[in-house]
Amino acid sequence: MAAGVKVTQLAKAAPPRQAPATVIHLYAVTMAPGPLPDLFRRLRGVDGAAPVERLACAGLICWVSRVPEAEFARNLSENMQNLDWLAAATTRHQEVVSAIAQAADVLPARFGIEFLDEKSLVVHVESRRSVLEADFNRIRGKEEWGVKVFALPSAAPVSNKKIRTGKEYLQAKSALVRRAVKRSSPELVEFAKALQSMADDVAEGGKFAATRRDMEFHKTILLKRKDRKKLESLARSYSRKWKDQRRIECTGPWPPFSFVSRTERSE
């Protein structure tokens, strides 16, 4: 080797880092493009980071995010056992659906519906096109409301006494039976009929809320947006009638989660 000649060994270039594999998380389906572009800038996906996109699918619009495959596909079942993870993810999912519902009639998807790629999503939507169209016809111009009636403490005292004997068990069971009979009282039947007459559809309330001892009535209704004041008027009327006896609670409006045909998750 000649003197004064410096040999430099070139470093090997690092292989390009591969992006993590993703799957497509479905939030909802609409018939029209819906919200303006500024909605996209403030929405964050179910993972807290991915943007929300809209994809044309078989003549409909699917609202999706591309989220980590490991978190939302391979390990989804395990993650759903983690209540902190589940609460955060489902809340973000519902926030996105609610934001879209403010600008368009929407068919919300259940949490946890993931697709491997756009092609599998399009095939799925095409296979359910007739069902989706029927759902759109049913929910167009409507919103979901929860309606609950609670007995006030003076009307239905709740005992926290622990059951220690068979006699106490039978007494507690008898009290539950009496409470069930009370839930079908003429006043509640009358209220239910008035509610059903203004609603387009009625569904049973959630099972979790039904465990409350002071709850006498719980339904979920599908209501035309233009009829919202009718619901408010009905609630005010019965609140005055049931003063010191019962409390009415109306929650909403929500996207029509309870009135959309179920779909299974696509693997």
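A brief report on the enclosed structure follows. Quick caveat: nothing in here was measured; it's all calculated off a predicted structure.

**Digging into helix 8 (residues 186-198)**
- Taking 1.5 Å per residue as the helical rise, helix 8 with its 13 residues ought to reach 18 Å, and the 19 Å between its terminal C-alpha atoms agrees with that figure.
- For helix 8, the complete set of buried residues consists of Leu188, Phe191, Leu195 and Met198. Seen along its axis, helix 8 keeps its buried residues to an arc of 90 degrees; they face one direction. Projecting away from the buried face of helix 8 at angles above 90 degrees are the exposed residues Pro186, Lys193, Gln196 and Ser197.

**Remarks on the side chain of Lys142**
- Tracing the sequence through the fold places Lys142 in strand 6 (residues 142-151).
- The buried category is assigned to Lys142, whose relative accessible area is 12%.
- At a separation of 2.9 Å, a polar atom in the side chain of Lys142 contacts the side chain of Asp200.
- Once residues within four sequence positions are removed from consideration, Lys142 is found in contact with Asp105, Asn137, Asp200, Leu222, Leu223, Lys224 and Arg225.

**What about the environment of Leu76?**
- If you trace the backbone, Leu76 turns up in helix 3 (residues 76-79).
- Assessed through its relative accessible area of 0%, Leu76 is described here as buried.

**Overview of the packing of helix 8 against helix 9 (residues 228-241)**
- Direction vectors running N to C along helix 8 and helix 9 enclose 170 degrees, while the axes themselves pass 10 Å from each other. Between helix 8 and helix 9, the crossing angle belongs to the class labelled roughly antiparallel. For the pair helix 8 and helix 9, the contacting residues are Glu187, Glu190, Phe191, Ala194, Leu195 and Met198 in the first and Lys230, Leu231, Leu234, Tyr238 and Lys241 in the second.
- Its residues assigned to classes, the contact of helix 8 with helix 9 shows seven nonpolar, no polar and four charged.

**Examining the pattern of salt bridges**
- Taken as a whole and judged by the stated rule, the model has 18 salt bridges.
- In this structure, the salt-bridge partner of Arg138 is Asp135, at a minimum N-O distance of 2.6 Å. Separated by three residues within a single helix, Arg138 and Asp135 lie in helix 6 (residues 129-139), roughly one turn from each other.
- In this structure, the salt-bridge partner of Arg246 is Glu187, at a minimum N-O distance of 2.8 Å. Separated by 59 residues along the polypeptide, Arg246 in strand 9 (residues 246-254) and Glu187 in helix 8 bring together distant segments of the chain.
- Through salt bridges that share partners, Asp105, Glu143, Arg225 and Arg228 make up one connected network.

Analysis parameters
Residues numbered from 1 in each chain as written. Predicted model: local features only at pLDDT ≥ 70, side-chain atom pairs only at ≥ 80, totals over all residues. Heavy atoms only, no water. Helix = DSSP H or I, 4+ residues; strand = E, 2+ residues; numbered from the N terminus. Expected span 1.5 Å × (residues − 1). Buried < 20%, exposed > 50% of the residue type's maximum accessible area, 1.4 Å probe, protein only. Arc of directions from axis to C-beta. Polar contact = N/O pair within 3.5 Å; in protein donor to acceptor, adjacent residues only side chain to side chain. Contact = heavy atoms within 4.5 Å. Axes fitted to C-alpha atoms, helices over the stretch in contact; angles between N-to-C directions. Parallel < 35°, antiparallel > 145°, perpendicular 65-115°, else oblique. Nonpolar A, V, L, I, M, F, W, Y, C, P; charged D, E, K, R; others polar. Salt bridge = Lys/Arg side-chain N within 4 Å of Asp/Glu carboxyl O.

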